Amino acid sequence: MAFNIEDFKVSTEMGFLKPSNFIVYIYPPKWVTRAGVEPPDLAYLAAAASLPGIQILTQESKIYGQGPTVKMAYDIATTDITMTFYVDASGISINYFYEWLRNVVNLSHDQEQVRSGAFSNQVAYKSWYSTKIDIMLFNDKPGGDPNSPQDAALAIYTLFDAYPISIAEPSLSWQSGNEILQFSVTFTYRSFERTVVNLPKTRSINIPGIPTPPDVENVPQRPIPVPPVLANQVPSKPIPVPP
């Protein structure tokens, strides 16, 4: 089929999704809520983030013991994600993640005990340091309630049982000038869920050879047959009473 510029305009009338229209919300893990620690507002300090990836794990096999080798799926795996944060003037953001890692595995060289009860080089319970993370995507024309980020988001990626596993070394340089110090954190998680919140409505394109789905509102609805009442069809019999 020939290229039609008008069809292209219709299909992209909402524009394109920009990687800068996002916000990250990290729910405080148990080690924060139990200690009454005030977590930093990381939503405004997240400079970059990656969305979770997914991979089907396969293994090579010969179906009939011979012939061509094919890949058979046997499991599914998710990829770790990396987020980059700005370091505020007080250093609260980077100190928060150092303390978080310390509540996963106690990094102290002595026998100092952290709030989780773990001593040096001991691992805490996963429920103590894991949490939920939301990565919300927006377009240039968000819908829903503009006063609520969850309602205005286009899609939300929710990571379950997430926690940091590494903090990349921040780079320092006298030639940086007025650049803001940043650091990267790698997170792992158990699973994730993608929720489409506000899908923008676009006009459909009539492509020759492909039937256009009808409008649901204009499709005549057929009445659903209601089965007759069972009592009117089956005559009731007296239940015999045992002597």
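Being a predicted model, the structure only gives us computed values, none of them experimental.

Reading the values: the criteria
Residues numbered from 1 in each chain as written. Predicted model: local features only at pLDDT ≥ 70, side-chain atom pairs only at ≥ 80, totals over all residues. Heavy atoms only, no water. Helix = DSSP H or I, 4+ residues; strand = E, 2+ residues; numbered from the N terminus. Buried < 20%, exposed > 50% of the residue type's maximum accessible area, 1.4 Å probe, protein only. Contact = heavy atoms within 4.5 Å. Areas by Shrake-Rupley, 256 points an atom, 1.4 Å probe, with all protein chains shown as cover. Patch = residues over 30% accessible without salt bridge, like charges linked within 9 Å, V, L, I, M, F, W, Y side chains within 5 Å. Salt bridge = Lys/Arg side-chain N within 4 Å of Asp/Glu carboxyl O. Expected span 1.5 Å × (residues − 1). Pairing = 2+ DSSP bridges. pLDDT = per-residue confidence, 0-100. Core = buried A, V, L, I, M, F, W, Y, C linked by side-chain atoms within 4.5 Å.

A. Inspection of the overall build of the protein chain at higher detail. Summing up its helical and strand segments, the protein chain has six helices and nine strands in all. Buried positions account for 27% of the 243 residues belonging to the protein chain. Long-range contacts, defined here as pairs at least 24 residues apart, represent 66% of the contacts in the protein chain between residues at least 6 apart. About 17600 Å² of surface is accessible on the protein chain, with carbon and sulfur atoms providing 56% of the total.

B. A nonpolar patch on the surface, seen in detail. On the surface, I54, I56 and I76 cluster together to form a nonpolar patch covering roughly 300 Å² of accessible area. Inspection of the secondary structure assignment puts I56 in strand β3 (residues 54-61).

C. Spatial organisation of helix α3 (residues 92-104). Its 13 residues give α3 an end-to-end C-alpha distance of 19 Å, which sits within 8% of 18 Å, the value for a rise of 1.5 Å per residue. Among all positions of α3, only S93, I94, Y96, F97, W100, L101, R102, N103 and V104 are buried.

D. Spatial organisation of the pattern of salt bridges. Scanning the model with the defined rule gives two salt bridges in all. We note a salt bridge from R102 to E99, for which the minimum N-O separation is 3.6 Å. Taken together, the positions of R102 and E99, both in helix α3 and three residues apart, correspond to about one turn of that helix. Judged by its relative accessible area of 24%, E99 falls in the partly exposed class.

E. The arrangement of the pairing of strand β5 (residues 81-86) in detail. Inspection of the sheet shows strand β2 (residues 46-49) paired to β5 by three bridges, in the antiparallel sense. The residue of β5 that forms the bridge with A49 is M83. Bridge count for β5 against strand β8 (residues 182-188) is six bridges, and the pairing is antiparallel. Directly across from Y86, in β8, lies its bridge partner Q182.

F. The arrangement of the environment of L101 in detail. With respect to the element layout, L101 can be found in helix α3. Overall, the relative accessible area of 16% leaves L101 in the buried class.

G. Focus on the confidence of the model for the protein chain. When pLDDT is averaged along the protein chain, the result is 76; 64% of the residues meet or exceed 70. Element-level pLDDT for the protein chain is lowest in helix α6 (residues 230-233), with a mean of 44, against a maximum mean of 96 in β8. Contacts of residues 202-236 to residues separated by more than four positions or lying in other chains number 14 contacts, the stretch itself having pLDDT below 50.

H. Layout of the nonpolar core. Counting residues in each nonpolar core, the largest one holds 33 residues, and the members touching the most others are I26, F85, F97, W100, I133 and F187. At the level of secondary structure, the elements contributing two or more residues to this core comprise β1 (22-26), α2 (30-35), β5, α3, α4 (126-129), β6 (131-137), β7 (155-167) and β8. When residues of this core are assigned to their parent elements, the largest contribution, six residues, is made by α3. Setting aside residues no more than four positions away along its own chain, F187 makes contact with I26, D80, I81, M83, F85, F97, W100, I133, Y163 and P164. Counting residues in hydrophobic clusters, the runner-up holds six residues, among them I23, A43, M136 and F138.

I. How the structure looks around unusual backbone geometry. Look at D161: it is not a glycine, yet its phi comes out positive at around 55°. Its place among the elements puts D161 in strand β7. The exposure class of D161 is partly exposed, given its relative accessible area of 27%.

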